[in-house]
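The primary structure of each chain is shown beneath.
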Amino acid sequence: MRKKDMTKNVEKKFLPEISRKEMDELKNTVKAASLKIIADNIERMKKADPHRPEAMKYFDNIANLFGQRQEEIQAEKEKGKKVIGYMCLFAPTELITAADAIPVRVNSGWYDTSKLGDRVVPVEVCPVIRSTIGAKMIELSPFLEQSDALISVLTCDGMTKLSEILADTKTIWGMNIPRVKDSTQSLRFWNDEIKHMKNQIETFTGNKITRKNLKHSIEISHRATKVFRRLQELRKGNPVIMGRDAMLVNQTYSWDDKQRWTEKAEALCDELEKRAANKDWVVSPDTPRVMVTGTPMFWPDNWKLPTLVEEGNPQGIIVADEQCSGERILNDPIGIDEWSMDDMLNAMSERYLMASTCPCFTSKDGNEDRINWLTTKVKDWKVQGVVYYVVRGCMLYAMEYARVKKALDKINVPVYYLDTEYTREDVGQMKTRIEAFLEMLNARIDL
Amino acid sequence: VAGELIGDILRLTVLAGLGTAGILAILIWKKNLAMRVTFLRLVIQAVAFAAIFYMYTYSALIPMLYELIVLFAITIVLGRYFCGWLCPFALIMDIESLVRRALKIRYRIIPDRLNKALHKSRYLILLAFLLIPVLLWFLDPQELLISPLVALRLAGHYSAYSILLDPLITLIVPWTGPITVAGINLSYPYVQNIIAYTGSEVGQYLAISFVAITLFGAFFIRRAWCRFCPTGISLAAVSQIRGLRVYVDKNEEKCTKCGVCKRVCPVQVTEVYEQKGGKILTSQCMVCARCVEMCPYEDALRIKLGKKTVFRSRNWLKPSNDE
């Protein structure tokens with residue numbers, strides 16, 4: 001695929017022509033609203049935990065999408081670095097960093113832009129997709145605008161067409177992911193895709209991905225996963241961190257500088273360990289422990305569910321999540337046997353394809369890995385209730401609910417199906433539903 | 001005198017080497033979680049190598065029947081522990097792998113189906129190995145001094161070691177080996193047998209090609225010979241006795257099927273990946289514990305002896321320091 005000349009007025013196949021004036025107007029309104037929401041979310045997170053760890057300050061800062069990180073990336077770009085965005089987690093970010101480019105995740109969590117996306121795709125489409133389209137239409141998302149190329153992994157229907165729509169203005173590299181994940185031919189196919197992506201990234205950035213570079217960037221990921229796991233271990237015990245805080249920390253990894261993120265998360269874990277030693281719990285230890293699974297929840301707008309759970313009356317605490325916006329980002333390390341180029345690429349393709357618990361997959365036993373992983377999470381994190389969060393239009397998650405429900409029923413853990421939209425209108429109604437669920441959990445604990 | 005001196009120097013070198021290897025192993029044990037067991041295994045292999053070398057070179061020869069009995073006894077409890085942790089021939093192959101790793105050359109794998117077929121036809125392979133002397137005897141009866149039937153009764157031709165114990169043959173042997181350098185007799189597993197059974201003329205060429213093929217094969221394919229080895233096959237057969245036997249235990253719920261266990265296995269065992277959890281007992285497994293060592297999920301894989309956990313998978317996430 002050739003890089004399109006941005007200055008030339010390329011005919012757009014999907015996106016409507018919006019005048020610069022209207023675009024700027026919309027952008028400024030949404031951006032102003034969004035800044036307010038970011039500040040408001042953080043404010044509420046601060047309020048929820050009076051002894052909020054010092055280290056969270058850094059993540060609050062990085063969480064401002066229009067702030068420090070945007071400027072940093074801009075500065076790097078001016079120095080000649082390329083920025084490569086990606087939508088799904090299957091994009092091999094290690095290859096991007098190995099080629100001295102910056103990986104950023106560009107999925108959008110803005111509610112307002114999803115309305116704009118309705119002009120291009122019908123309202124039945126998953127709001128994550130619509131919102132990303134909307135963000136593109138008014139050039140809102142800083143990372144999406146900054147990225148020189150996008151890796152789009154064709155996981156669900158939405159992502160497939162989203163890549164076509166974004167191709168109106170961006171260079172898109174599609175990666176075809178096999179749906180049956182546990183067969184040798186799938187792995188071979190995916191391995192070829194990864195190798196091809198490596199070549200593409202090399203040509204695009206002009207930097208060769210050498211064995212040393214790749215090893216270095218895999219080690220960076222390893223370190224990050226190590227810290228992530230440390231944080232996870234801490235969340236297994238009595239609550240020392242609000243679920244929202246931990247979720248934000250996990251999510252910032254997808255646009256932050258990986259090494260710096262690791263350091264800061266390390267500092268956070270140090271603080272939390274002290275806190276655990278002092279028995280300074282963030283909420284009472286008998287608060288219902290909730291796990292969230294389902295559709296990804298993207299910062300900043302789509303933060304209503306964790307907020308409602310943790311500010312509800314009775315209160316709940318999120319101790320784990322199983323989402324590609326959360327723990328799935330860092331859960332699985334790349335298991336390298338020998339540090340040869342070939343083995344590293346093999347290990348990467350296995351990690352991205354086989355270790356994932358995305359519902360877009362099926363295998364001999366259906367998507368059993370996800371069920372198993374959920375069960376393990378429930379047991380290890382002593383989860384007392386699961387909220388199955390689905391945004392309307394997210395077919396894969398919605399359809400897998402029945403199986404998850406049965407599996408969780410078997411181990412006697414209540415699960416609550418919560419469907420919503422990219423909108424603030426249903427917050428009141430959601431509050432009632434979540435509080436009823438938490439009430440029920442509380443009653444179960446008392447029994 | 002010169003031979004004795006060289007022998008002394010060799011012994012000292014072996015000792016010094018073992019010492020360094022031990023220290024190295026401790027260092028790696030501390031630093032690199034992902035290479036721990038592998039290096040421990042290499043050290044144990046080296047110790048076993050030295051012990052077997054000493055046993056053959058400087059002490060009275062132990063009747064091979066006893067050796068076989070000991071091996072079989074080990075196998076009943078520990079599975080093919082001998083193959084993974086003690087076999088001198090395996091050490092040669094593992095060192096080759098290390099050299100290959102250092103040269104950053106990738107390994108090749110043989111197709112899973114072929115590997116499985118080899119495993120399934122293990123009794124046929126064993127039979128073929130045991131029949132080779134008989135066949136060769138029919139081809140060229142003059143060359144043999146003892147009837148092949150005696151060879152089959154676990155008594156080799158020139159040596160007391162026959163096909164079933166040949167991987168035990170170390171590089172330096174007390175008897176007249178095929179190659180003599182500065183008074184030291186060098187040998188290589190199976191080479192003596194090949195020469196003995198086929199006569200020295202043909203045998204020498206066959207032996208050279210065998211050495212070449214196995215060295216070359218093991219360089220590119222991890223543990224190449226282990227897939228054919230008659231000793232391994234007989235031990236595999238013995239390890240089918242399921243009493244108190246070491247096994248890999250898989251916790252299905254903790255497994256995400258990431259496939260690491262399948263990839264790192266030097267003999268390409270797929271059962272650990274494919275089986276849905278519980279006891280994994282395959283006679284292909286050599287208990288090298290590489291899969292358990294590399295499994296990134298806490299407690300997903302365990303090596304168990306009876307009810308006791310010997311070794312379990314844990315969070316190995318620490319970057320390598322071995323380069």
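In this text the structure is predicted, and so the values were computed from the model without any measurement. (Residues numbered from 1 in each chain as written. Chains lettered and ligands numbered in written order. Predicted model: local features only at pLDDT ≥ 70, side-chain atom pairs only at ≥ 80, totals over all residues. Heavy atoms only, no water.)

1. Observations concerning the overall build of chain B
On a plain count of helices and strands, chain B comes out with 14 helices and 7 strands. The 323 residues of chain B split such that 52% are buried. Restricting to contacts in chain B with at least 6 residues of sequence separation, those with at least 24 account for 68%. (Helix = DSSP H or I, 4+ residues; strand = E, 2+ residues; numbered from the N terminus. Buried < 20%, exposed > 50% of the residue type's maximum accessible area, 1.4 Å probe, protein only. Contact = heavy atoms within 4.5 Å.)

2. With respect to the pattern of salt bridges
Applying the stated rule across the entire model yields 61 salt bridges over all chains. Here A:Lys208 ties to A:Glu202 by a salt bridge, and the two come within 3.8 Å at their closest N and O atoms. Assessed through its relative accessible area of 58%, A:Lys208 is described here as exposed. Its relative accessible area of 14% is what places A:Glu202 among the buried residues. Here the residues in one salt-bridge network are A:Lys181, A:Asp365, A:Glu368, A:Asp369, B:Lys257 and B:Lys276, joined through shared partners. (Salt bridge = Lys/Arg side-chain N within 4 Å of Asp/Glu carboxyl O.)

3. Re helix H11 (residues 243-252) of chain A
An α-helix turns once every 3.6 residues. As a result, residues three or four positions apart point the same way. Residues and elements named next belong to chain A. Judged by how many residues are buried, H11 sits mostly within the fold: 10 of 10 residues are covered. Along H11, the residues classified as buried are Gly243, Arg244, Asp245, Ala246, Met247, Leu248, Val249, Asn250, Gln251 and Thr252. Looking at the buried positions of H11, the neighbouring elements they touch are helix H1 (20-48), helix H2 (56-63), helix H10 (211-236), helix H12 (258-277), helix H13 (304-311) and strand S6 (317-322).

4. What about the packing of H10(A) against H12(A)?
Residues and elements named next belong to chain A. One way to put it is that H10 packs onto H12 with a least axis distance of 9 Å and a crossing angle of 20 degrees. As judged from the angle between their axes, H10 and H12 are roughly parallel. Between H10 and H12 lies a crossing of left-handed hand. Here H10 contributes His216, Ile220, Ser221, Arg223, Ala224, Val227, Arg230, Leu231 and Leu234 to the contact with H12, which in turn contributes Lys258, Gln259, Trp261, Thr262, Ala265, Glu266, Leu268, Cys269, Asp270, Leu272 and Glu273. When grouped by side-chain class, the residues that make up the contact of H10 with H12 number 10 nonpolar, 4 polar and 6 charged. (Axes fitted to C-alpha atoms, helices over the stretch in contact; angles between N-to-C directions. Parallel < 35°, antiparallel > 145°, perpendicular 65-115°, else oblique. Left-handed = near helix turned anticlockwise from the far one by under 90°. Nonpolar A, V, L, I, M, F, W, Y, C, P; charged D, E, K, R; others polar.)

5. Here we look at the packing of aromatic side chains
Residue and element names in this part refer to chain B. Counted by the stated rule, this structure contains 21 aromatic pairs over all chains. Ring centres of Tyr81 and Trp85 lie 5.4 Å apart, and the angle between their planes is 15 degrees; on these two criteria the pair is classed as stacked. Here Tyr81 pairs with Trp85, and both are found in helix H4 (residues 81-86), just 4 residues apart, close to one helical turn. Residue classification places Tyr81 among the partly exposed residues on the basis of a relative accessible area of 21%. When the centroid spacing of 6.3 Å and the interplanar angle of 45 degrees are considered together, the rings of Phe89 and Trp225 count as tilted. With Phe89 in helix H5 (residues 88-102) and Trp225 in the loop between helix H10 (200-220) and helix H11 (230-238), this pair connects stretches of sequence that are 136 residues apart. These aromatic residues form a ring-pair network of at least three members: Phe89, Tyr188, Phe210, Trp225 and Phe228. (Phe/Tyr/Trp six-rings, centres within 6.5 Å; stacked < 30°, edge-to-face > 60°.)

6. Considering the confidence of the model for chain B
All names here are of chain B. Here chain B averages 78 in pLDDT, while 78% of its residues score no lower than 70. Averaged pLDDT values over the elements of chain B bottom out at 50 in helix H8 (residues 148-152) and peak at 91 in helix H12 (residues 260-264). Low confidence marks residues 151-161, where pLDDT is under 50. Its contacts with residues over four positions away, or in another chain, come to 31 contacts. When the criterion is pLDDT under 50, residues 319-323 qualifies, and its contacts beyond four places in sequence or with other chains add up to 16 contacts. Among the prediction metrics, the complex's ipTM stands at 0.84, with pTM recorded as 0.88. (pLDDT = per-residue confidence, 0-100.)

7. Brief notes about the interface of chain A and chain B
Contacts between chain A and chain B engage 36 residues on the former and 33 residues on the latter. For chain A, the biggest contributors to the area lost against chain B are A:Arg229, A:Asp337 and A:Glu338; these three give 20% of the whole. Among the salt bridges present, the one from A:Glu338 reaches B:Arg100, with a minimum N-O distance of 2.8 Å. In this assembly, chain A and chain B are joined by 16 residue pairs in polar contact (both at pLDDT 80 or more). Of all the secondary structure elements, the ones that give two or more residues to the side of chain A that touches chain B are H10, helix H14 (341-353) and helix H15 (368-380) of chain A. (Buried area = accessible area lost by both parts, 1.4 Å probe. Polar contact = N/O pair within 3.5 Å; in protein donor to acceptor, adjacent residues only side chain to side chain.)

8. A few points about the nonpolar core
Taken as a class, soluble globular proteins show a tendency for nonpolar side chains to be buried jointly. Counting 212 residues, the largest nonpolar core has A:Ile151, A:Trp190, A:Ile201, A:Leu214, A:Leu268, A:Trp299 and A:Leu305 as the members making the most contacts within it. Sequence-distant contacts of A:Ile151, defined by excluding residues within four places in its chain, comprise A:Ile84, A:Gly85, A:Tyr86, A:Met87, A:Ala91, A:Ile96, A:Trp173, A:Met175, A:Met197 and A:Ile201. (Core = buried A, V, L, I, M, F, W, Y, C linked by side-chain atoms within 4.5 Å.)

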